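As a plain string of letters, each chain reads:
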Amino acid sequence: MKILVSFVLLCLISRIQCDLNWWRTANVYQIYPRSFKDSDGDGIGDLNGITQMLPYLKDLGIDAFWMSPIFKSPMKDFGYDISDFRDIQLEYGTMEDFDRLLKTAHELDLRVILDFVPNHSSDEHEWFLKSVAGDPEYKDFYVWHPGKEDPANPQNRLPPSNWLSAFRGSAWKWHETRGEFYLHAFAYQQPDLNYRNEKVVEAMKDILRFWLEKGVDGFRIDAVPNLFEVEPIDGQYPDEVKSGYTDDPEESAYLYHNLTMDLPETVEMVYQWRDVVDRFSINGNTRIMLTEAYSHIDILMQYYGNGVKNGSHAPFNFYMIMNLNNDSNAIDFHRNIQLWLDKLPNGSVANWVMGNHDQRRIGSRFGTHRIDLINMIIKTLPGISITYNGEEIGMTDVYISWEDSVDPAGCNSNPEIFDKFSRDPARTPFQWDSSTSAGFSVNPKPWLPVSPLYKEVNVKVQQTAPRSHLKIYRRLLQLRRTETLQKGSVETRTHGQNVLSITRRLPGRDTYITVANIGPKRESIDLREVFSGRLIFHIVSVDSKKRDGDGVMGPNLELAPYEAFILRGPVKI
């Protein structure tokens, strides 16, 4: 099975100028600030720590990095509960520290993307406090409702609907001072903003403008599907129906969220934000929007735009995260790659992501033996490549006990099931070297425990090893800068159930072929299915017996279990 997509053809069909603006083939790196680098010894990562390590990102070949929220926050959800959208959380630093980070990044030709959290604020935000007090300007800044009468107790009020929070339990919280319930799609300390109030819409646009005027290069926009919920009918919110996915009535998946997620108004709001961002894209410096939504593919394609209005530069492609696991074969990988490429609107740019701060790490989900294999796949596909910090060295999840757990997604459950929901295992400190706390901090007790494997798995060890995940990752980003990968066609193919190949071609340039044996058995493929001519091993996985630069002997190629490599077909001279 093979599929061929031509970059040049897409450009001609859509009649756009395919100028390869920086973002169209960008290598984007996600930093979880709390765990990246601690500069002051308090056990918590900070802005000065990030600034200190920017040369590392430049050396890797990164084009842009986005930071999970760095704004003032009570840290009930580690920065996703913002009490001031225009200030820096003190434990991360100051605005002067941020300005220094931005200046240093731009001097290194690195672009800075902030995490914009529009769905909610902290319950300590000035807006919410004024809304609670009934201030006329802010009374309807959040979603309030008096609730329902309790037949069993006339003195009690019941939630307006059966809607559930992403962090378990009711999405409604009673507020004694105001005497009403407020909506919270996430933790109860994160009240939902009311996007049916134009004052809220304009206030959030002003926040975008504030940071764009400071010179940031774009935004990753959090939890977009939750922005709107249905309007009340005769003053009452309707209930959502059971999904059938779980028997746990406290779990969010217990309900089908057709009334509280992915409403049509959400797409229109993305278009409005794009208009704000575009007004700052001057002198060839495009500011970008990356939108987070675990939504149906057809909804995600609307985020790109509607032919008249532009939307997200890249709605995050989570389909490989959602649909692939340790039991997936090459056919599954191929299907999910093609799902995005086949649906992609003309002129739009694909993106590929397999990890983030909300997901277990790649090495833990797929096995450490597949780390290079997966990096090779997502780095040789066309478009934007996104990496969560630590995936380049093959970091894995760390066991976090109930006593040490701090993530509200886990803490809102109980000791028997918390590890099913907790995101802490993928948020542990970055492993720089073999010193105290993996070189993340001089503090021996950072905010989350360091991996027990940090002495074997860290940047310093992998920089000096003959072969390492880090060295392969760096070479992959170098490969992504070739004309073939930036402008060439892409052909994906399966060879039986377990072998996937990705062929990138451009007339007059070298051809590159990624071959990955996703399965546990030895496999053999006939290379004549994908290329006729001389081939060279260009990049090979850590455990491969093959060597970079060796020629491929004969048309039949043997692959060991989980082996992956990239072949180069040199242009004939």
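One can find the structure itself at the top, above this paragraph.
Residues numbered from 1 in each chain as written. Predicted model: local features only at pLDDT ≥ 70, side-chain atom pairs only at ≥ 80, totals over all residues. Heavy atoms only, no water.

## Considering the overall build of the protein
Here is step 1: If you tally the helices and strands in the protein, you get 18 helices and 23 strands.
Here is step 2: Taken against the 2.2 N^0.38 rule, which gives 25 Å for 573 residues, the C-alpha radius of gyration of the protein at 24 Å falls within 12% of a compact globule.
Here is step 3: In terms of overall dimensions, the protein has a C-alpha envelope of 85 × 55 × 50 Å along the principal axes.
Here is step 4: Taking the intrachain contacts of the protein between residues at least 6 apart in sequence as the baseline, contacts between residues at least 24 apart amount to 68%.
Here is step 5: Surface accessibility of the protein: about 23,200 Å² in total, with carbon and sulfur atoms responsible for 50%.
Here is step 6: Within the protein, the 78 negative side-chain charges are centred at a point lying 9 Å from the centre of the 63 positive side-chain charges. (Helix = DSSP H or I, 4+ residues; strand = E, 2+ residues; numbered from the N terminus. Rg over C-alpha atoms; globule rule 2.2 N^0.38 Å. Contact = heavy atoms within 4.5 Å. Areas by Shrake-Rupley, 256 points an atom, 1.4 Å probe, with all protein chains shown as cover. Lys, Arg positive; Asp, Glu negative; His and termini not counted. Charge placed at Lys NZ, Arg CZ, Asp CG, Glu CD.)

## Quick word on the sheet that holds strand E13 (residues 288-291)
Here is step 1: The strand order across the open sheet built from eight strands is E14-E13-E12-E6-E3-E2-E16-E15, with neighbouring strands paired in parallel fashion. Whereas interior strands pair on both sides, the edge strands pair on one side only; in this sheet they are strand E14 (314-315) and strand E15 (351-353). (Pairing = 2+ DSSP bridges.)

## Some points on the packing of helix H7 (residues 198-214) against helix H8 (residues 264-278)
Here is step 1: Viewed as axis vectors pointing N to C, H7 and H8 meet at an angle of 35°, and their least axial separation amounts to 10 Å. Note that H7 runs across H8; the crossing there is right-handed. Facing H7, whose interface residues are Val-201, Lys-205, Leu-208, Arg-209 and Leu-212, H8 presents Met-269, Gln-272, Trp-273, Val-276 and Val-277.
Here is step 2: Residues of the contact of H7 with H8, tallied by class, amount to seven nonpolar, one polar and two charged. (Axes fitted to C-alpha atoms, helices over the stretch in contact; angles between N-to-C directions. Left-handed = near helix turned anticlockwise from the far one by under 90°. Nonpolar A, V, L, I, M, F, W, Y, C, P; charged D, E, K, R; others polar.)

## Here we look at the sheet that holds strand E7 (residues 144-145)
Hydrogen bonding along the main chain pairs the strands of a sheet, whether they run parallel or antiparallel.
Here is step 1: Overall, antiparallel pairing links the three strands, which are arranged E7-E11-E10 in an open sheet. Of all the strands in the sheet, just E7 and strand E10 (172-175) have a single pairing partner and so form its edges.
Here is step 2: One ladder, built from two bridges, connects E7 with strand E11 (residues 180-183); its direction is antiparallel. Opposite His-145, over in E11, you have Phe-181 as the bridge partner.

## Notes on the side chain of Arg-274
Here is step 1: Along the chain, Arg-274 turns up in helix H8.
Here is step 2: Judged by relative accessible area, Arg-274 falls into the buried class, the value being 12%.
Here is step 3: From its side chain, Arg-274 meets the backbone oxygen of Gly-311 in a polar contact 2.6 Å long.
Here is step 4: Aside from chain neighbours lying at most four places away, what touches Arg-274 is Met-289, Asn-310, Gly-311, Ser-312 and His-313. (Buried < 20%, exposed > 50% of the residue type's maximum accessible area, 1.4 Å probe, protein only. Polar contact = N/O pair within 3.5 Å; in protein donor to acceptor, adjacent residues only side chain to side chain.)

## Topic: the pattern of salt bridges
Side-chain pairs of opposite charge can arise whenever the charged atoms involved come near each other.
Here is step 1: The full count for this structure, using the stated rule, is 40 salt bridges.
Here is step 2: The salt bridge involving Arg-220 is made with Asp-222; its shortest N-O contact spans 3.0 Å.
Here is step 3: Judged by relative accessible area, which is 7%, Asp-222 ranks as buried.
Here is step 4: Several salt bridges converge on common partners, so that one network encompasses Asp-77, Asp-358, Asp-407, Arg-423 and Arg-427. (Salt bridge = Lys/Arg side-chain N within 4 Å of Asp/Glu carboxyl O.)

## A closer look at H7
Here is step 1: A rise of 1.5 Å per residue sets the reference length of H7, with its 17 residues, at 24 Å; its end C-alpha atoms lie 25 Å apart and thus fit the reference within 8%.
Here is step 2: Along H7, the residues classified as buried are Val-200, Val-201, Ala-203, Met-204, Lys-205, Ile-207, Leu-208, Trp-211 and Leu-212.
Here is step 3: At the N-terminal end of H7, a side-chain oxygen is found 2.9 Å from the backbone nitrogen of Lys-199, two or three residues along, and the residue is Asn-197.
Here is step 4: One or two positions beyond H7, positive phi appears at Gly-215, with a value near 110°. (Expected span 1.5 Å × (residues − 1).)

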